[in-house]
Amino acid sequence: MSYDQLMALLGDWLLPGSLVAIMASMGLSLTPDDFRQVFRNKRALIFGVCSMLVVPPLIGISLALTVAPTAALAVGFVLLATTPGGMLSNLFTDMAKGDLALSMSLTLLVSMLYIFLVPFYAHFALLHFMGLETEVRVPLGAFFWNIFSITLLPATIGFLIRMARPRLAIAAKRHLKRLATIVLFSSFGVILFDQLPVLRENLGALLWITVALNLIMVVVVTSIARFAGFSKRENIAIGVEHLMRQEGTAIFIAVSIVGNNEMSLPMIMNTPIALCFVIAFVAWARPRSARGDPVGARI
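Residues numbered from 1 in each chain as written. Predicted model: local features only at pLDDT ≥ 70, side-chain atom pairs only at ≥ 80, totals over all residues. Heavy atoms only, no water.

J.: Please clarify how the overall build of the protein chain should be interpreted in this entry.
T.: Helix and strand counts for the protein chain stand at 14 helices and zero strands. Secondary structure of the protein chain in N-to-C order comes out as α-α-α-α-α-α-α-α-α-α-α-α-α-α. Contacts spanning at least 24 positions in sequence make up 84% of the contacts within the protein chain whose residues lie at least 6 apart. When the accessible surface of the protein chain is split by element, carbon and sulfur atoms take 68% of a total near 13,600 Å². (Helix = DSSP H or I, 4+ residues; strand = E, 2+ residues; numbered from the N terminus. Contact = heavy atoms within 4.5 Å. Areas by Shrake-Rupley, 256 points an atom, 1.4 Å probe, with all protein chains shown as cover.)

J.: Before we go on, may I ask you to explain a nonpolar patch on the surface in this structure?
T.: The grouping of Trp145, Leu153, Ile157, Ile161 and Leu168 at the surface amounts to a nonpolar patch, some 450 Å² of accessible area in total. Position of Leu153 among the secondary structure elements: in helix α9 (residues 152-164). (Patch = residues over 30% accessible without salt bridge, like charges linked within 9 Å, V, L, I, M, F, W, Y side chains within 5 Å. Salt bridge = Lys/Arg side-chain N within 4 Å of Asp/Glu carboxyl O.)

J.: Just checking my understanding: could you explain the packing of aromatic side chains for this structure?
T.: Think of a pair of aromatic rings as described by two things: how far the centres are apart, and how the planes are tilted against each other in angle. Here the structure, examined in full by the defined rule, presents two aromatic pairs. A ring pair is formed by Phe47 and Phe230, whose centres lie 5.2 Å apart and whose planes are at 65°; its orientation type is edge-to-face. Placement of Phe47 in helix α3 (residues 42-66) and of Phe230 in the loop between α11 (196-227) and α12 (232-243) is noted, with a sequence separation of 183 residues between them. Residue Phe230 is classed as buried on the basis of its relative accessible area of 11%. (Phe/Tyr/Trp six-rings, centres within 6.5 Å; stacked < 30°, edge-to-face > 60°. Buried < 20%, exposed > 50% of the residue type's maximum accessible area, 1.4 Å probe, protein only.)

J.: I keep staring at the environment of Phe148 and nothing clicks. Help me out?
T.: Along the chain, Phe148 turns up in helix α8 (residues 140-150). Expressed as a C-alpha distance, the spacing of Phe148 and Tyr114, which sit 34 residues apart in the sequence, is 9.7 Å.

J.: Hey, could you run me through the confidence of the model for the protein chain in this one?
T.: Note that predicted coordinates carrying low pLDDT should not be read in detail. Per-residue confidence for the protein chain averages 80 on the pLDDT scale, and 87% of its residues sit at or above 70. Per-element mean pLDDT across the protein chain ranges from 44 in helix α7 (residues 132-135) up to 91 in helix α4 (residues 71-81). (pLDDT = per-residue confidence, 0-100.)

J.: Whenever I open this one, unusual backbone geometry confuses me. Can you help?
T.: With glycine set apart, most residues show a phi of negative sign, and most peptide bonds adopt trans. Look at Lys97: it is not a glycine, yet its phi comes out positive at around 60°. With respect to the secondary-structure elements, Lys97 resides in the loop between α5 (88-95) and α6 (100-130). Note on Lys97: relative accessible area 40%, which makes it partly exposed.

Okay, structure coming up:
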């Protein structure tokens with residue numbers, strides 16, 4: 001297999017296939033009660049959703065417009081900042097003794113809204129930074145279908161299997177997610193190898209912009225936790241949700257839909273950096289939750 005064939009296999013099959021499997025495993029984990037939970041805590045849910053849809057995109061777009069070193073990397077930072085919270089946010093919320101039901105509701109609802117919003121964000125970024133009409137031609141309708149086909153559709157199928165065959169769903173989800181995660185991170189490695197020259201040239205800028213994105217997000221999150229007036233457990237759930245991203249979906253847009261591997265570098269760089277930030281946030285929030293201190297009272 002030639003190098004070009006390997007990259008085509010990655011963009012056309014391995015990357016989208018791993019994301020379909022991850023979303024299907026998420027659907028296999030869902031029950032009707034998870035959807036009912038969405039409406040049990042309306043005030044914190046509405047606040048968290050509105051914040052997720054406004055705050056990270058504003059920060060990411062501002063950084064992309066002012067300090068991104070290349071047009072492709074600027075688009076990548078926009079894609080990164082506009083992704084919803086990742087599935088790991090539920091795990092870290094639970095570890096920090098946060099409101100797990102709220103965390104799952106935020107992840108589920110924002111992910112569904114993301115399907116309809118990300119094509120507009122992506123088109124804005126491509127048009128502004130790269131000249132959509134002359135360099136990249138991706139119809140808006142194709143964006144909707146491609147995002148739908150690797151997110152909501154497999155998650156729905158997984159959910160229906162869970163309802164019809166719960167034992168099969170429980171048995172299959174762990175193995176499916178493990179295999180998909182291995183393929184996804186292997187794809188990250190191939191993309192990094194393919195983009196080594198760009199990475200060497202822009203490593204410093206990529207690193208400090210990604211750190212700045214997460215640091216600003218931490219300040220915003222702790223400010224939200226301090227002034228929003230929610231419970232400690234709700235504040236933790238909202239905070240963790242802001243810090244974890246669904247980088248895989250954004251990489252799929254960059255590599256498989258747009259066909260530009262360079263755009264995926266901010267997402268790959270963000271994966272370990274955001275993990276460090278969220279671990280620090282959990283370590284900071286967990287003892288305060290146990291003692292009853294107001295999360296967000298001081299940084």
